[in-house]
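Commentary on secondary and tertiary structure
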Amino acid sequence: MTRVDATKIEALKKGFGGKVFLPKDAGYDEARKIWNGMVDKRPAIIATCAGTKDVVKALNFARENGVLLAVRGAGHHIAGNSLCDDGIVIDLSRMKAVKVDAGARRARVEGGATLADFDGAAQAHGLATPVGINSTTGIAGLTLGGGFGWLSRKYGMTIDNLESAEVVTAKGEVVQASASVNPDLFWAIRGGSGNFGIVTSFEFRLHPVGPDLLSGLVVYPFAEAKTVLKQYRDFVARSPEALSVWTVLRKAPPLPFLPAAVHGKEVVILALLYAGDPREGEALVQPLRKFGKPVGEHIGVQPYAAWQQAFDPLLTPGARNYWKSHNFTKIADGLIDVAIQYVAKLPSPHCEIFFGSIGGATKRPAPTATAYAHRDAEYVMNVHGRWDTPAEDERCIQWSRDYFQASAPFASAGAYVNFLTADETDRVRSAYGPNYERLAQLKRKYDPDNLFRMNQNIKPG
Ligand SMILES: Cc1cc2nc3c(=O)[nH]c(=O)nc-3n(C[C@H](O)[C@H](O)[C@H](O)COP(=O)(O)OP(=O)(O)OC[C@H]3O[C@@H](n4cnc5c(N)ncnc54)[C@H](O)[C@@H]3O)c2cc1C
């Protein structure tokens, strides 16, 4: 770290509501763990904040002392930018409060809350807004990159449901951002990642959802992958927006509803949620069972909040992860062939390829309406390389890269900032697409010295 006088670190600690960890402190190693086990950074200071006042104090400390700064929400981003070597981490992960105004259908969510924190509080009132599919993900990073999940076809991206935010700017000022207050900042934080300030709280619009909804899985043998994927693609094209069906291609986990002979074998999993009356949903999902001969299914009415956690056991923190991602406007026959070819040589039982079907309401805003520009995406694909040991690094990373290259001819331009790995700085411009120049100008206005640079960075224009 740039040499900082010990008295200044003592001054940071004084009156700090949360906890300041230095490398010698008990709890430091725990505090520097994030979701992706491949990231092993050693910050000089981890300032775990209790509230906005702490955030301002830690940010001013970084700016005034010329110290590299990283901001941590729930620490899920694959690239590991929520940590930095030697600098200070402004850690919001203890700022998890969620206040729901059920009458107004609004929620105020602190910047360190997870999807589980938010879903749990909103579902207590039968309300929700679209967020991601793994409940330990952070609301902050997810929202700042765009955010999508099971409710997005019906209610849009997470940012399409953002009403306002409280932001600590690079100058250390606490400002509001909404359609009427600092509208340019509000535009920028809806997809511009962590480039424009530290968001201490988000205000979301909520929708009546469940609490019990039809959801579940239909699993097909890999031998039927081609015909299943073709029928899946056609099915999605005619589905109502309340129905979301995603595809996961992987080795079957030992799910109790699958015969033991299938465990560990390649399969095609259709995962679904119907965000409406479950009885209507039953009729709508019926064709999904007839794409071939399923090896198992588990579909039923269950709490939305439970479905939001259904994939958590496959996405636990600590494993080694390397991801690659493309957006698609359609699933071409050639893409199906390539996906099948690569699933046939999965390098680890935890690797998978998924196609998240978004489209629907996410496509309605213009590409320039928010910083998130990819309003043409029908599918977001994630090549999810995941494994246990460093010895597997090279093989699994190479597999992810090779499949990414092989599937590139079928992809639309652009990339999802929330799925970019640390080695993809060359894709940052295309991730912001047509909005990059405006974002660069706003970066100059709000962060001319690029204080917030541990992210999918936009250089001040
Ligand atoms: C298992 C898994 C499943 C996922 N599923 C989905 C999904 O279904 N849909 C989807 O859209 N995305 C999904 N994602 C991607 C997810 O949206 C990103 O990883 C997101 O960045 C996570 O947010 P976080 O706060 O946990 O991350 P962090 O790693 O803490 O932060 C990510 C970035 O945001 C910045 N940041 C964090 N908090 C703040 C803040 N309060 N103010 C300003 N900047 C901040 C950080 O500096 C960093 O650059 C998934 C990720 C994982 C690992």
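Worth saying up front: this structure is predicted, and the values here are computed from it rather than measured. (Residues numbered from 1 in each chain as written. Predicted model: local features only at pLDDT ≥ 70, side-chain atom pairs only at ≥ 80, totals over all residues. Heavy atoms only, no water.)

**So, the site of the ligand**
Taken together, 34 residues are adjacent to the ligand, and V71, G73, G75, F148 and Y416 come closest. Burial of the ligand by the protein chains amounts to 98% of its free accessible area of 950 Å². In terms of residue class, the shell around the ligand is made up of 16 nonpolar, 17 polar and one charged. (Near = heavy atom within 4 Å. Areas by Shrake-Rupley, 256 points an atom, 1.4 Å probe, with all protein chains shown as cover. Nonpolar A, V, L, I, M, F, W, Y, C, P; charged D, E, K, R; others polar.)

**Topic: the nonpolar core**
Formed by 44 residues in total, the largest nonpolar core has its most connected members in L270, L288, F355 and Y403. Examining the composition of this core, we find that seven residues originate from one element, helix α11 (residues 333–343), more than from any other. With residues up to four places along the chain from it excluded, the contact list for L270 reads G216, L217, V218, Y220, V228, Y232, V245, W246, T247, L288 and F291. One finds F118, F204, L420 and L439 within the second-largest nonpolar core, a separate group that totals 40 residues. (Core = buried A, V, L, I, M, F, W, Y, C linked by side-chain atoms within 4.5 Å. Buried < 20%, exposed > 50% of the residue type's maximum accessible area, 1.4 Å probe, protein only. Helix = DSSP H or I, 4+ residues; strand = E, 2+ residues; numbered from the N terminus. Contact = heavy atoms within 4.5 Å.)

**Re the sheet that holds strand β17 (residues 352–357)**
Across the sheet, seven strands lie side by side as β15-β12-β14-β13-β17-β18-β16; this open sheet has antiparallel pairing. The open sheet has two edge strands, β15 (296–303) and β16 (320–328), and neither has a second partner. Here the strands of the sheet are splayed against their neighbours by 15° on average, with no regard to which way each runs. Sheet analysis places β17 next to strand β18 (residues 379–387), joined by six bridges and oriented antiparallel. Paired with S357 across the bridge in β18 is Y379. (Pairing = 2+ DSSP bridges. Axes fitted to C-alpha atoms, helices over the stretch in contact; angles between N-to-C directions.)

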